[in-house]
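As a plain string of letters, each chain reads:
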Amino acid sequence: MRILVPGGAGYIGSHIVRELIDAGDLVVIIDNLETGHREAVHPKAKFYQGDIRNRDFVDRVLDQEKIEAVIHFAANSLVGESMVNPLKYYDNNLYGTKVLLESMVAHGVDKIVFSSTAATYGEPESIPILETDRTEPTNPYGETKLAMEKMMKWTGVAHGLRYVALRYFNACGAHESGELGEAHNPETHLIPLILQVPNGQRKAISIYGEDYHTKDGTCVRDYIHVTDLAQAHILAVKYLMEGGESNVFNLGNGVGFTVKEVIETARRVTGHPIPAEIAPRRGGDPARLIASSEKAQRVLGWKPEHGDLEEIIASAWKWHQAHPNGY
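Let us look at the structure shown here. (Residues numbered from 1 in each chain as written. Predicted model: local features only at pLDDT ≥ 70, side-chain atom pairs only at ≥ 80, totals over all residues. Heavy atoms only, no water.)

### Points about the nonpolar core
Nonpolar side chains in soluble globular proteins tend to be buried together. Formed by 36 residues in total, the largest nonpolar core has its most connected members in I12, V27, I71, V113, V164, L166 and L251. Where this core is concerned, the elements lending two or more residues are β1 (2-6), α1 (11-22), β2 (26-31), β4 (69-72), β6 (162-168), α7 (226-241), β11 (247-251) and α9 (294-300). The leading source of residues in this core is α7, at eight residues. Excluding residues within four positions of it along the chain, V27 makes contact with I3, V5, V17, L20, I21, A45 and K46. With 25 residues, the next largest nonpolar core counts V28, I67, L100 and A165 among its residues. (Core = buried A, V, L, I, M, F, W, Y, C linked by side-chain atoms within 4.5 Å. Buried < 20%, exposed > 50% of the residue type's maximum accessible area, 1.4 Å probe, protein only. Helix = DSSP H or I, 4+ residues; strand = E, 2+ residues; numbered from the N terminus. Contact = heavy atoms within 4.5 Å.)

### Description of the sheet that holds strand β9 (residues 220-221)
Think of a sheet as strands paired side by side through backbone hydrogen bonds, with each pair either parallel or antiparallel. Ordered by their spatial adjacency, three strands build an open sheet running β12-β9-β14, and the pairing between neighbours is mixed. The sheet is open, and its two borders are formed by β12 (257-258) and β14 (288-289), each paired with just one other strand. Judged from the two bridges that link them, β9 and β12 form a sheet pairing that is antiparallel. What sits directly across from V220, in β12, is T258. (Pairing = 2+ DSSP bridges.)

### Looking at helix α8 (residues 259-270)
An ideal rise of 1.5 Å per residue puts 16 Å on twelve residues; α8 measures up with 16 Å between its terminal C-alpha atoms. Taken as a whole, α8 has its buried residues at V259, V262, I263, T265, A266 and T270. Looking straight down α8, one finds its buried side chains confined to an arc of 160°; they lie on one side. Of the residues flanking the end of α8, it is G271, one or two places downstream, whose phi is positive at about 70°. (Expected span 1.5 Å × (residues − 1). Arc of directions from axis to C-beta.)

### Things to note about the pattern of salt bridges
Counted by the stated rule, this structure contains 21 salt bridges. Between E65 and R2 there is a salt bridge whose closest N-O contact spans 2.9 Å. Here E65, found in the loop between α2 (55-64) and β4, pairs with R2, found in strand β1; they are 63 residues apart in sequence, far enough to count as distant. Given the relative accessible area of 3%, E65 is considered buried. Between D110 and K111 there is a salt bridge, with its nearest N and O atoms 2.8 Å apart. Of the residues examined, D110 reaches a relative accessible area of 28% and is grouped as partly exposed. The exposure class assigned to K111 is buried, which follows from its relative accessible area of 13%. (Salt bridge = Lys/Arg side-chain N within 4 Å of Asp/Glu carboxyl O.)

Now the structure itself:
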């Protein structure tokens, strides 16, 4: 199968590309390298550097490659940045997806798996979160991802496109080989920020708020290993190829850990004291996000295999020790 992966040089995208190639698929990557890394591109993938907002560029790729399905990662994804620069998110996430879908329709490519987010839910009404729960994002990042889902839905009504939106919870960890990992600039994700302390890159980790209604006052998140995410994408493509209808799935472990629990686990894994400092809350941060992934397990046959937090952090630590400055 020949699969187009916009954003395939990024953190999650590069892991999915590796799993696809290991499974025998042919992969074509589009990435503008704004946040992706040329070094993360698999040598067996065909790589086109360019922007999905450029219709001529996307058309040229689809003219040259006989694409059967798309796995779409090309988007900005920082909650804090989206709060201060929302129009950047509407431009890249929404306009970019609009151009990609236009080109797909024009070329008869009718299957897409899409990297969505738990941020589509906003502050949840109940835990664990179900796919049928209310969606009221508390930040522009989540708002644009939800709008991307709706864009695919209505494109499907008009043109027969079928899509799977995968709402990730907190992606984390690194490939078992130690060759792929998380390298963002600036870094905003909790686990790599924590690991910068034992790596000598910061003196302490900041905890943004300890007055939430949780067991220790810090935010609770559901951490899902990036390799488990990759397997879910492969299963989602298979689901669409076998005629599955458009659908939305949560991807998480169904277990929540507080920020303080994650820091304590990192102390055990690294053997470093990792000092922590309390800072004010960040805008747009819900107190608790924990997934129900029962639907993905039932419909896609997905089962996360790397749910142990120590294993997740150990895989990330292996990567960050070997790549303290990223790729």
